[in-house]
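Close look at the chain arrangement
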Amino acid sequence: MNWFLDMCILIFYSSEDKSLFSVKTIEFISKHQNDKFLVCYYISEENLPKWIKRQQIIIKEVIKKIIDSSYKIGDSEEGSFLYPKDKQKAEKLFIQSSLIDNKGLFINKIQMSQKEQELRIMQFIEQKTKKVIPISEIDPDLKSNIAMLLKNHSDAKTLASGIQQHNKEHLTMLTNDKKDWTKQNIELAINENSKLAEKYPEIPEIKYLF
Amino acid sequence: MKGDGKTEGNELSEATSNFLLDGPASINDVCKKLDISWATAKAALEEMTVKGIVKEIVSNPKIRIFKLSIDPAFYGVPLTREQKGQALFLFQNIRQEWHKQSDKPLLSTTLQKIAVDVAIECKCDIPVVTFHYGMVVPVVDTSFFEYKTPVNSSQILQSIKNVIPSHNNRCKDEIDSQYTKYKMFLFQSKEGLKEALNNQKKEKDPSLEKVQSALSDFLIKCPTDNKSYELFDLCYNFSSKINGLILTKGFSSNIEEVKEAFDILWDLITTNFFFKEIEKYVGPDKKEVFEYIKSSQILAKKANVEERINYLGSLINLSEEIKLPMDEESIAIRRILAEGAEEE
């Protein structure tokens with residue numbers, strides 16, 4: 001069995017944070033350890049590094065705020081790359097730091113936690129997955145049609161990679177994004193264009209973590 | 001500067017040297033100051049370079065900057081002849097007074113520390129800036145650069161007499177005592193980190209916590225203002241690579257690389273401090289030259305630091321299993337970091 005993984009699967013697997021997402025992901029991977037896991041190059045080479053970079057910026061912003069409590073998270077040049085949800089994460093971490101007397105220890109802990117997460121994701125990709133569909137081979141028409149529907153280029157590139165790979169070897173997509181990663185969305189995007197429908201006759205099944 | 005032959009050449013060389021006593025200058029500055037053509041100024045400076053009278057310290061398609069070979073200012077920053085003269089007067093008189101008060105040889109570290117105390121106490125126009133091992137008077141103690149006795153010489157001499165007894169001339173004590181006296185917290189933290197890194201070699205893994213704690217302390221003391229954000233970033237990246245090495249059990253075996261990278265990082269940090277602090281001593285007519293000297297120094301060092309930090313990253317071995325800490329706090333941090341991943 002081939003499983004084409006959404007980026008969140010890699011993150012939840014590596015986080016081991018006892019959240020439902022993380023528990024379910026670890027259960028799934030361990031239950032299917034003899035199956036093959038596929039990750040597209042777009043995730044491993046572009047989207048994930050960007051996400052990791054944002055995590056690093058979050059930590060740096062928290063440290064700056066710990067050093068100078070008047071500092072506003074996101075005010076630095078780099079901080080402007082953060083999304084509102086990233087700033088909220090930074091605020092949460094800062095609140096957590098305020099409950100702890102030993103700031104040095106806390107700074108070490110958040111840095112280590114980020115690094116652990118980063119390295120475990122990289123390890124998972126290197127040791128447990130096969131990379132598929134180089135970014136340059138993503139079908140631009142397929143990607144555009146999906147992006148028009150979802151209004152999200154990142155998901156569009158990942159889904160297009162999965163669909164293309166599925167037409168080379170049978171796979172099931174694994175995610176927990178029930179809003180965008182739906183069979184209906186994929187069918188709409190492909191069937192809107194007769195050439196695409198002809199090129200990608202097989203549509204992969206999508207499975208959700210829970 | 002009109003005339004012919006050798007005499008004219010010598011006069012030109014003398015006038016140029018005299019102009020350069022107030023710090024480095026570009027070919028443009030020289031031709032404007034001496035009212036000569038650009039080509040003449042260029043030829044004169046090149047000839048003086050061959051003779052060893054001047055050195056070209058910035059050379060790029062936009063500008064060429066020359067300094068006197070005997071100019072004692074650190075990095076050739078443009079200080080006036082009076083500023084350099086007062087500093088040299090200070091050094092010379094500290095040495096003389098030291099030998100009156102002690103029969104032990106004066107360490108160059110002690111000389112600098114006394115000079116800083118006196119310069120600050122006298123509130124005179126002697127530059128005092130932060131450098132690799134603390135605050136310094138950024139002038140090389142040399143006898144080649146001639147100077148006049150400053151107008152406030154008696155005040156300086158009295159201050160030297162007062163300050164010397166508080167210095168014990170032991171290198172480590174001199175450094176530590178300056179860090180404490182002037183509240184140089186980042187420098188104190190650097191000493192802690194250096195010590196932890198040096199002990200790591202002897203004690204192996206049990207001392208890793210000391211390294212991590214010293215590293216966090218160092219990061220806390222790093223400046224985070226907007227002007228220093230690049231430095232903070234580099235310190236963070238360095239710290240992140242160290243954490244990666246620790247997590248993948250590659251730290252002890254690469255300790256020498258880590259120490260070397262830290263030394264280079266520290267060199268860049270203190271060079272940045274140096275240029276930031278010395279700027280206020282540089283006259284408006286020398287600002288352009290100053291900026292070029294500053295860039296030429298900092299850019300090369302920064303590139304070197306980035307390369308070293310990347311190299312540390314390349315030493316991280318992903319085949320080592322990473323065991324996550326399962327205490328409540330670490331789990332909570334990881335949960336926050338993973339939040340919203342399904343929307344990515």
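Residues numbered from 1 in each chain as written. Chains lettered and ligands numbered in written order. Predicted model: local features only at pLDDT ≥ 70, side-chain atom pairs only at ≥ 80, totals over all residues. Heavy atoms only, no water.

1. Overview of the nonpolar core
- Residues Leu93 of chain A together with Leu90, Val137, Phe218, Phe238, Phe251 and Ile269 of chain B are the most contacted members of the largest nonpolar core, which totals 108 residues.
- Counting residues in hydrophobic clusters, the runner-up holds 49 residues, among them Met7, Tyr13, Ile121 and Ala147 of chain A. (Core = buried A, V, L, I, M, F, W, Y, C linked by side-chain atoms within 4.5 Å. Buried < 20%, exposed > 50% of the residue type's maximum accessible area, 1.4 Å probe, protein only.)

2. Here's the deal with the packing of helix H5 (residues 103–128) of chain A against helix H9 (residues 208–221) of chain B
- Following both chains from N to C, one finds H5 of chain A and H9 of chain B inclined at 100 degrees, their axes separated by 8 Å at the closest point. Judged by the angle between their axes, H5 of chain A and H9 of chain B are roughly perpendicular. Within the contact between the two elements, H5 of chain A uses Lys103, Gly104, Ile107, Asn108, Gln111 and Met112 of chain A and H9 of chain B uses Gln212, Ser216, Leu219 and Ile220 of chain B.
- Grouping the amino acids of the contact of H5 of chain A with H9 of chain B by side-chain chemistry returns four nonpolar, five polar and one charged. (Axes fitted to C-alpha atoms, helices over the stretch in contact; angles between N-to-C directions. Helix = DSSP H or I, 4+ residues; strand = E, 2+ residues; numbered from the N terminus. Parallel < 35°, antiparallel > 145°, perpendicular 65-115°, else oblique. Contact = heavy atoms within 4.5 Å. Nonpolar A, V, L, I, M, F, W, Y, C, P; charged D, E, K, R; others polar.)

3. Thoughts on helix H2 (residues 20–31) of chain A
Residue and element names in this part refer to chain A.
- Between its terminal C-alpha atoms H2 stretches 16 Å, which fits the 16 Å expected from twelve residues at 1.5 Å a residue.
- The set of residues buried in H2 consists of Ser22, Thr25, Phe28 and Ile29. Angular distribution of buried residues about the axis of H2 spans 130 degrees; they occupy a single face of the element.
- Buried residues along H2 sit in contact with strand E1 (2–5), helix H1 (7–15), strand E2 (36–40), H5, strand E4 (172–175) and strand E5 (205–208). (Expected span 1.5 Å × (residues − 1). Arc of directions from axis to C-beta.)

4. A look at unusual backbone geometry
Residue and element names in this part refer to chain A.
- With a phi angle near 50 degrees, isoleucine 133 is a residue other than glycine that sits in the positive phi range.
- When its relative accessible area of 3% is taken as the criterion, isoleucine 133 is described as buried.
- Unlike most non-glycine residues, lysine 151 shows phi in positive territory, near 55 degrees.

5. Some details on the pattern of salt bridges
- One pass over the full model with this rule turns up 41 salt bridges over all chains.
- The closest approach of N and O atoms between lysine 131 of chain A and glutamate 126 of chain A, which form a salt bridge, is 3.8 Å.
- Note on glutamate 126 of chain A: relative accessible area 53%, which makes it exposed.
- By sharing partners, the salt bridges in this structure join Arg54, Lys85 and Asp86 of chain A together with Glu343 and Glu344 of chain B into a single network. (Salt bridge = Lys/Arg side-chain N within 4 Å of Asp/Glu carboxyl O.)

6. Here we look at the sheet that holds strand E2 (residues 54–59) of chain B
All names here are of chain B.
- One open sheet accounts for three strands, arranged E1-E3-E2; its pairing is antiparallel. Every interior strand has two partners, whereas the edge strands, strand E1 (25–26) and E2, have only one.
- Taken together, the two bridges between E1 and strand E3 (residues 64–68) define a ladder with antiparallel strand orientation. Note that in E3 the partner of serine 26 across the bridge is isoleucine 65.
- The strands touched by helix H3 (residues 38–51) are E2 and E3; relative to E3, the strand with the most contacts, the crossing angle is about 50 degrees.
- In the packing of helix H12 (residues 287–314) onto the sheet, the strands contacted are E1, E2 and E3, and the crossing angle to E2 comes to about 75 degrees. (Pairing = 2+ DSSP bridges.)

7. Quick notes on the environment of lysine 241 of chain B
- Within the element layout of this structure, lysine 241 of chain B appears in helix H10 (residues 229–247).
- With 52 residues separating them along the chain, lysine 241 of chain B and serine 189 of chain B place their C-alpha atoms 19 Å apart.

8. Describing the side chain of glutamate 174 of chain B
Residue and element names in this part refer to chain B.
- Secondary-structure assignment places glutamate 174 in helix H7 (residues 171–181).
- The charged side chain of glutamate 174 is buried without a salt bridge, its nearest counter-charge being lysine 113 at 7.3 Å.
- Engagement of the side chain of glutamate 174 in a polar contact is seen with the side chain of histidine 167, the distance being 2.6 Å.
- The residues contacting glutamate 174, other than those within four sequence positions of it, are Thr109, Thr110, Lys113, His167, Asn168 and Asn169. (Lys, Arg positive; Asp, Glu negative; His and termini not counted. Polar contact = N/O pair within 3.5 Å; in protein donor to acceptor, adjacent residues only side chain to side chain.)

9. A word on the sheet that holds E4 of chain A
All names here are of chain A.
- In spatial order, the strands read E3-E2-E1-E4-E5; together these five strands make up an open sheet with parallel pairing. Only two strands of the sheet have a single neighbouring strand rather than two, namely strand E3 (129–132) and E5. Here the strands of the sheet are splayed against their neighbours by 35 degrees on average, with no regard to which way each runs.
- Looking at chain direction, E1 and E4 are connected through three bridges and run parallel. When the bridges of E4 are listed, leucine 5 appears paired with leucine 174.
- Relative to E2, helix H3 (residues 41–67) is tilted by about 50 degrees, and along the sheet it contacts E1, E2 and E3.

10. Brief notes about the interface of chain A and chain B
- On the side of chain B, 44 residues touch chain A, which itself brings 50 residues to the contact.
- Both sides together, the interface formed by chain A and chain B hides about 4600 Å², and carbon and sulfur atoms give 59% of it.
- At the boundary of chain A and chain B, one finds seven salt bridges.
- Ionic pairing is found between lysine 60 of chain A and aspartate 233 of chain B, a salt bridge with its closest N-O pair at 3.0 Å.
- Scanning the region where chain A abuts chain B turns up 20 residue pairs in polar contact (both at pLDDT 80 or more).
- Where the side of chain A that touches chain B is concerned, the elements lending two or more residues are H1, H3, helix H4 (84–98) and H5 of chain A.
- Counting residues per element, the side of chain A that touches chain B draws most heavily on H5 of chain A, which supplies 20 residues.
- Along the lines of polarity and charge, the residues of the side of chain A that touches chain B split into 17 nonpolar, 14 polar and 19 charged. (Buried area = accessible area lost by both parts, 1.4 Å probe.)

11. Thoughts on the layout of surface pockets
All names here are of chain B.
- The calculated volume of the largest pocket comes to roughly 380 Å³.
- Along the walls of the largest pocket sit 15 residues, with Lys227, Glu230, Asn272, Lys294 and Ile298 positioned nearest its centre.
- Taken together, the elements giving at least two residues each to the lining of the largest pocket come down to H10, helix H11 (255–278) and H12.
- Ranked by residue count, the leading element in the lining of the largest pocket is H12, at five residues. (1 Å grid on protein atoms, 1.4 Å probe; cavity = no way out; pocket = protein on both sides within 12 Å on 5 of 7 lines; lining within 4 Å. Points joined across faces, edges and corners; volume = space filled by probe spheres on them.)

12. Focus: the packing of aromatic side chains
Residue and element names in this part refer to chain B.
- According to the stated counting rule, one finds 19 aromatic pairs over all chains in the structure shown.
- Arranged with centres 4.8 Å apart and planes meeting at 80 degrees, the rings of phenylalanine 187 and tryptophan 266 form a pair that is edge-to-face. Here phenylalanine 187 is found in helix H8 (residues 185–203), whereas its partner tryptophan 266 is found in helix H11, with 79 residues between them in sequence. Here phenylalanine 187 matches tryptophan 266 in class, with each residue buried.
- Look at phenylalanine 275 and phenylalanine 290: their rings are 5.9 Å apart centre to centre, the planes differ by 55 degrees, and that puts the pair in the tilted class. Within this pair, whereas phenylalanine 275 is found in helix H11, its partner phenylalanine 290 is found in helix H12, the two being separated by 15 residues in sequence.
- A relative accessible area of 0% means that phenylalanine 275 is categorised as buried. (Phe/Tyr/Trp six-rings, centres within 6.5 Å; stacked < 30°, edge-to-face > 60°.)

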